[in-house]
Amino acid sequence: MEEVIKIKGNKLLKGAVDISGSKNLCVALLPAALLAQDIVTIHNIPPISDVYNLIDILEVLNARVIYKDDVLIIDSSNIKYSDLTIETMHKLRASYYFYSVMLGLFKKLKTYGIGGCRLGSRPIDLHLKAFEILGVIINSNDDTYEFDGAKMHKARIVFEKSSVGATINTLLLATQIKGKTIIENAAQEPEITELIKYLKQMGADIYQSESTIVIDGGKKMHGTEFTNIPDRIEAGTYALIGAAVGDKLKIRNIVIEHIQSLLDIFDVLEVNYRIEKNNLIVSKSKIKKGIVILTSPYPGFPTDLQQPLTTFLSVNKGTSVIIESIYDNRFAHIKELNRMGANIQTTNMNIIIHGVEELNGTVVSGKDLRGAASLVLAGLMAKGETIVSGLEYINRGYENMIKKLKKLHAKIELSLLNIEENEDEK
Ligand code: EPZ
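From a predicted model like this one, the values you see are computed outputs, not experimental measurements. (Residues numbered from 1 in each chain as written. Predicted model: local features only at pLDDT ≥ 70, side-chain atom pairs only at ≥ 80, totals over all residues. Heavy atoms only, no water.)

Any details on the overall build of the protein? Residues and values, ideally.
The helix and strand inventory of the protein stands at 14 helices and 23 strands. Against the 2.2 N^0.38 benchmark of 22 Å for 426 residues, the protein shows a C-alpha radius of gyration of 22 Å, consistent with a compact globule. Each principal axis of the C-alpha distribution contributes one length, and for the protein these read about 60 × 45 × 40 Å. Look at the contacts in the protein between residues 6 or more apart in sequence, and 73% of them connect residues 24 or more apart. Carbon together with sulfur atoms contributes 49% to the accessible area of the protein, which is approximately 17100 Å² in total. For the protein, the distance from the average site of its 50 positive side-chain charges to the average site of its 51 negative ones is 4 Å. (Helix = DSSP H or I, 4+ residues; strand = E, 2+ residues; numbered from the N terminus. Rg over C-alpha atoms; globule rule 2.2 N^0.38 Å. Contact = heavy atoms within 4.5 Å. Areas by Shrake-Rupley, 256 points an atom, 1.4 Å probe, with all protein chains shown as cover. Lys, Arg positive; Asp, Glu negative; His and termini not counted. Charge placed at Lys NZ, Arg CZ, Asp CG, Glu CD.)

As structure tokens, this is what we get:
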């Protein structure tokens with residue numbers, strides 16, 4: 001038996017939903033807190049499984065953590081070195097932020113490779129190359145890395161492609177290396193700008209200008225108090241839910257500029273929405289035309305919203321194309337959408353969406369975080385009942401999605417499904 005989400009679709013959702021703290025920022029804030037070797041308090045940390053897994057790793061390193069009502073207090077005054085050859089490192093890709101933090105603090109680390117959603121290859125070559133330019137000696141075999149940072153030194157790193165993770169890992173390490181390290185072609189996602197603010201509050205000397213970051217490393221760091229930003233991908237996901245099935249759905253506590261690329265798409269599609277300070281009110285809008293979208297690094301349209309946007313565009317009078325330029329395999333949701341009556345093809349990185357009149361409920365399976373969320377959206381839009389498996393993915397990045405949708409009057413609940421039986425029906 002597997003816990004699944006059961007949805008009776010084709011109902012208008014109304015009311016207000018509060019957006020939680022950013023997953024992709026908080027997964028950097030938690031490891032980085034160790035650099036203070038002091039007390040750090042962070043507000044607006046969402047109770048998602050990635051956070052609990054990171055707390056487990058912090059405690060392995062003898063940090064003391066108190067986490068209550070979305071406030072996290074980390075006391076890293078007495079942290080001790082420990083190899084990180086622990087299973088938790090496999091539970092999320094962002095566990096690799098401990099590589100730079102441990103190298104910075106202890107000049108060494110023995111650890112496992114990483115986990116995270118299957119979205120194609122997802123190598124970490126850019127991280128490792130940057131570490132080597134900073135003087136780290138890396139030995140790896142199978143799934144273990146041994147980093148030796150005894151001879152680390154400042155450097156100039158020019159990334160051949162924009163990488164959020166590699167930029168963050170390099171930035172964190174550079175704060176612990178004496179002298180000026182320069183990062184060129186750095187990613188410019190809001191999470192990086194916020195992380196720089198946080199590190200500067202802890203005493204780091206960092207200067208960011210567009211895709212250049214200069215870190216004057218080796219400064220003594222100390223504790224601080226910080227508030228995590230709202231999650232722009234959760235906000236975008238609920239904005240698409242509103243545009244698909246909302247009746248003046250109010251999405252509260254967002255940073256409008258962080259989802260501007262989605263609002264630009266809403267303008268082209270003539271989606272009915274309005275902005276009220278840091279809230280977005282959006283209603284079901286019949287889409288009568290197709291659109292061509294390219295996913296790209298911030299401030300372009302984020303790849304993390306490609307999957308829910310694919311679902312939204314699948315009921316339409318026109319044909320749309322989404323060029324997925326970031327990941328070579330972020331398409332697992334498409335087969336499932338077609339089983340619900342969508343008419344979507346993929347060639348190389350292109351997703352060709354021939355709009356259909358409606359979707360029909362059936363049993364579908366989510367294979368990754370945003371893919372599973374895009375199938376929940378499909379269930380909310382579809383006629384009849386939809387069963388979505390992959391709840392464990394949803395819980396990684398969406399706080400209490402079922403509870404939030406129920407509050408918006410969605411007909412949605414947790415259920416149990418005997419997956420074996422269902423496999424035969426497919
Ligand atoms: C971050 O992943 C996010 N995760 C992802 O969100 C997001 O999709 C991605 O940035 C792109 O915006 C977190 O922040 C925890 P990248 P990251 O390094 O850092 C390739 C979600 O749903 N690449 O910017 O891993 C990579 O394969 C997740 O919340 C290399 O080739 O992404 C991809 O094609 C999914 N070598 C591209 O670069 C490397 O060493 C961008 O990846 C690293 C990345």
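From this point, the discussion proceeds with the structure in view.
Explain the nonpolar core to me, using residue names and the numbers behind them.
Grouped together as the largest cluster of nonpolar side chains are 77 residues, with contacts concentrated most on Leu30, Phe147, Leu195, Tyr198 and Leu199. Of all hydrophobic cores here, the second largest spans 72 residues; its members include Ala243, Ala382, Leu405 and Leu408. (Core = buried A, V, L, I, M, F, W, Y, C linked by side-chain atoms within 4.5 Å. Buried < 20%, exposed > 50% of the residue type's maximum accessible area, 1.4 Å probe, protein only.)

Which residues make up the site of the ligand, and what values go with them?
Around the ligand lies a shell of 24 residues, among which Arg93, Asp125, Ser163, Asp304 and Ile326 are the nearest. A distance of 2.4 Å separates an oxygen atom of the ligand from a polar backbone atom of Ile326. When the free accessible area of the ligand is taken as 820 Å², the share hidden by the protein chains comes to 91%. Its atoms largely coinciding with the cavity grid, the ligand occupies the largest pocket. (Near = heavy atom within 4 Å. Polar contact = N/O pair within 3.5 Å; in protein donor to acceptor, adjacent residues only side chain to side chain. 1 Å grid on protein atoms, 1.4 Å probe; cavity = no way out; pocket = protein on both sides within 12 Å on 5 of 7 lines; lining within 4 Å. Sits in = over half its atoms within 2 Å of the grid points.)

Explain the side chain of Thr224 to me, using residue names and the numbers behind them.
Here Thr224 is to be found in strand S13 (residues 224-227). Taking the relative accessible area as the measure of exposure, Thr224 reaches 15% and is therefore buried. Reaching out from Thr224, the side chain makes a polar contact with the side chain of Gln201 at a distance of 2.8 Å. Apart from residues lying up to four places away in sequence, Thr224 is in contact with Ile39, Val40, Thr41, Tyr198, Gln201 and Met202.

Could you give me a rundown of the side chain of Glu399, with the residues and numbers involved?
Of note, Glu399 is situated in the loop between helix H12 (391-397) and helix H13 (401-407). Polar contacts involving the side chain of Glu399 include one to the side chain of Ser20, which spans 2.5 Å. Apart from the residues within four sequence positions on either side, Glu399 is in contact with Ser20, Pro46, Pro47, Ile48, Asp70, Glu234 and Lys404.

A description of the sheet that holds strand S16 (residues 279-283) should follow, citing residues and the corresponding values.
If you trace the 4 strands from one edge of the open sheet to the other, you get S2-S14-S16-S15, paired in mixed fashion. Each edge of the sheet is formed by a strand with only one pairing partner; in this case those strands are strand S2 (16-18) and strand S15 (272-276). With direction set aside, neighbouring strand axes in the sheet form an average angle of 20°. As paired strands, strand S14 (residues 249-252) and S16 are joined by 3 bridges and run antiparallel to one another. The residue of S16 that forms the bridge with Ile251 is Leu280. The strands touched by helix H8 (residues 260-269) within the sheet are S15 and S16, with S15 carrying the most contacts at an inclination of about 140°. (Pairing = 2+ DSSP bridges. Axes fitted to C-alpha atoms, helices over the stretch in contact; angles between N-to-C directions.)

Quick one: what's the story with the pattern of salt bridges, residue by residue and with numbers?
By the definition in use, this model includes 20 salt bridges. Put simply, Lys289 and Glu270 hold a salt bridge, and the shortest N to O gap is 3.6 Å. Here Glu270 lies in the loop between H8 and S15 and Lys289 lies in the loop between S16 and strand S17 (292-294), a separation of 19 residues in the sequence. (Salt bridge = Lys/Arg side-chain N within 4 Å of Asp/Glu carboxyl O.)

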